[in-house]
Amino acid sequence: MKWTLAFAAAIIAAGSASAMAETSVERGAYLMKSIVACGNCHTVQTPNGPLADRDLAGGMEIPDEGMVARVPNITSDKETGIGKWTEAQIILAIREGKRPDGSIIGPPMPIGQYRKMADEDVKAIVAYLQQTKPVAGKVAASEYKFPLPPAYGPPVGKVEAPSRSDKAAYGRYLVTALGHCIECHSPMGAHGPDTEGKPFQGGAVFKGPWGASVAPALNASHLGSWSDDEIKRAITTGVSKDGRRLTPPMGFGYYKNMAAADLDSIVAYLRTLK
Ligand code: HEC
Ligand code: HEC
């Protein structure tokens, strides 16, 4: 009897351990379909959501002052996507903005934030990308009328994610390194979003078929009177505190897949912003 109980306990323990252990591809799929949402730029967005049969095949044009960025195909297609790139080459592109041929990836890809992406998470994203369906489709080169920097900083090296038990610290990692919320929710400075000087102070304007939307501050000056649930509802469903439907380009369709623990961590961090 004693043996049977111990055996049953062992099975339960093994079962819950395997339910917990996530493969790298599973982690990558979760990140890509929720907080990281590379598809919010790398998939053509229509009023009815992202073009499902051309997931990550690029093709969006992002015009801005002095530039027309054309978002490339990052599916595993060998000719028009990144199917020939190695894991290390794709990591270098994401975290340091360098292609295998040595050229630099221009804005608005948020390389400055992706530099802080943990090794484990960037590897999971690459594992996911490498098993995507190849979708053929060549995208023309971007045009930048200003010089791109020779690099976005020194080599990245090893990066570890903060512990999930420290909610505010992990939340900060989510809204910077993984979700780059900070890039849209900080005001524009002379060299792009002023994420260092005025982090999360709001004011950047996004123009498109929806008109112009202004990303508000995410600190207490704006969210102080909001409940946790109101903040989570805005992030995951695109509905503001007063019930107004929010306009693009925030990736609500991806954020709706965010795990409850990740949303809790984001709110915990935003609450520290006075
Ligand atoms: C805000 C929009 C945006 C987001 C978010 C974004 N990218 Fe990009 N990405 C771009 C643009 C624009 C370029 C091309 C820039 C250029 O032409 O120099 C690019 C280039 C790339 C390239 C180089 C491909 C090539 O063939 O030159 C890779 C790889 C890439 N992105 C991967 C990713 C991954 C992975 C993510 C998510 C972790 C991501 N990007 C998130 C806009 C974005
Ligand atoms: C590509 C730019 C972009 C990104 C990335 C982005 N946002 Fe936003 N966000 C906006 C814009 C623009 C608005 C305002 C839309 C409107 O007013 O219709 C907004 C609105 C919001 C609101 C609602 C504010 C209100 O007054 O209704 C919250 C909360 C928010 N964002 C949080 C976040 C968080 C957290 C993240 C990261 C997980 C994030 N955003 C990522 C652009 C962005």
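Calculation notes
- Throughout this document, residue positions are counted from 1 along each chain, in the order its sequence is written.
- Ligands are numbered from 1 and chains lettered from A, in the order in which they are written.
- Confidence filtering applies because this is a predicted model: local features only for residues at pLDDT of at least 70, side-chain atom pairs given and counted only at 80 or more, and all residues used for totals across whole chains, interfaces and linings.
- Calculation of side-chain values draws on the structure's entire complement of heavy atoms; hydrogens and water are dropped beforehand.
- Here, axes are lines fitted to C-alpha atoms. For helices the fit covers the stretch in contact, and angles between N-to-C directions go from 0 to 180 degrees.
- The helix and strand labels rest on DSSP assignments: H or I over at least four residues marks a helix, E over at least two residues marks a strand, and numbering proceeds from the N terminus.
- Crossings are assigned a handedness: left-handed for a near helix turned anticlockwise from the far helix by less than a right angle, right-handed for a clockwise turn.
- Note on definitions: a residue-residue contact is assigned when non-hydrogen atoms from the two residues lie within 4.5 Å.
- Only protein chains enter the accessibility calculation, which uses a 1.4 Å probe. A residue is then buried if its area is under 20% of the maximum for its type, exposed if over 50%, and partly exposed in between.
- Put simply, a residue is near a molecule or strand once any heavy atom of it comes within 4 Å of that molecule or strand.
- Polar contact criterion, stated in full: a pair of N or O atoms within 3.5 Å, where within protein one must be able to donate a hydrogen and the other to accept it, and residues adjacent in sequence count only if both atoms are side-chain atoms.
- All amino acids are sorted into three groups, where Ala, Val, Leu, Ile, Met, Phe, Trp, Tyr, Cys and Pro are nonpolar, Asp, Glu, Lys and Arg are charged, and the leftover types, Gly among them, are polar.

Enquirer: Describe in detail the packing of helix H10 (residues 228–237) against helix H12 (residues 260–270), supporting the description with residues and values.
Expert: Close contact between H10 and H12 brings their axes to 10 Å; oriented N to C, the two are set at 115°. Regarding H10 and H12, the two cross each other, and that crossing is right-handed. Contact residues: Asp228, Ile231, Lys232, Ile235 and Thr236 in H10; Leu263, Asp264, Ile266, Val267 and Leu270 in H12.

Enquirer: Tell me what's going on with helix H7 (residues 167–178), and back it up with residues and numbers.
Expert: Every α-helix carries 3.6 residues per turn, so stepping three or four residues along brings you back to the same face. All of the buried residues in H7 are Tyr170, Gly171, Tyr173, Leu174, Val175, Thr176, Ala177 and Leu178. At its buried positions, H7 is contacted by helix H2 (24–33), helix H5 (111–114), helix H6 (119–130), helix H8 (181–184) and H12. A positive phi of about 40° marks His180, the residue just after H7.

Enquirer: If you had to explain the site of ligand 2 to someone new, which residues and values would you point to?
Expert: If you check the shell around ligand 2, you find 22 residues, and the closest are Cys181, Cys184, His185, Ser240 and Met250. In this structure, His185 approaches ligand 2 through a side-chain N or O atom, which is 2.8 Å from a nitrogen atom. Within the backbone of Thr247, a nitrogen or oxygen atom sits 2.9 Å from an oxygen atom of ligand 2. Listed by contribution, the elements that provide at least two residues to the shell around ligand 2 are H8, strand E9 (211–214) and H10. Its residues placed into classes, the shell around ligand 2 shows 15 nonpolar, six polar and one charged.

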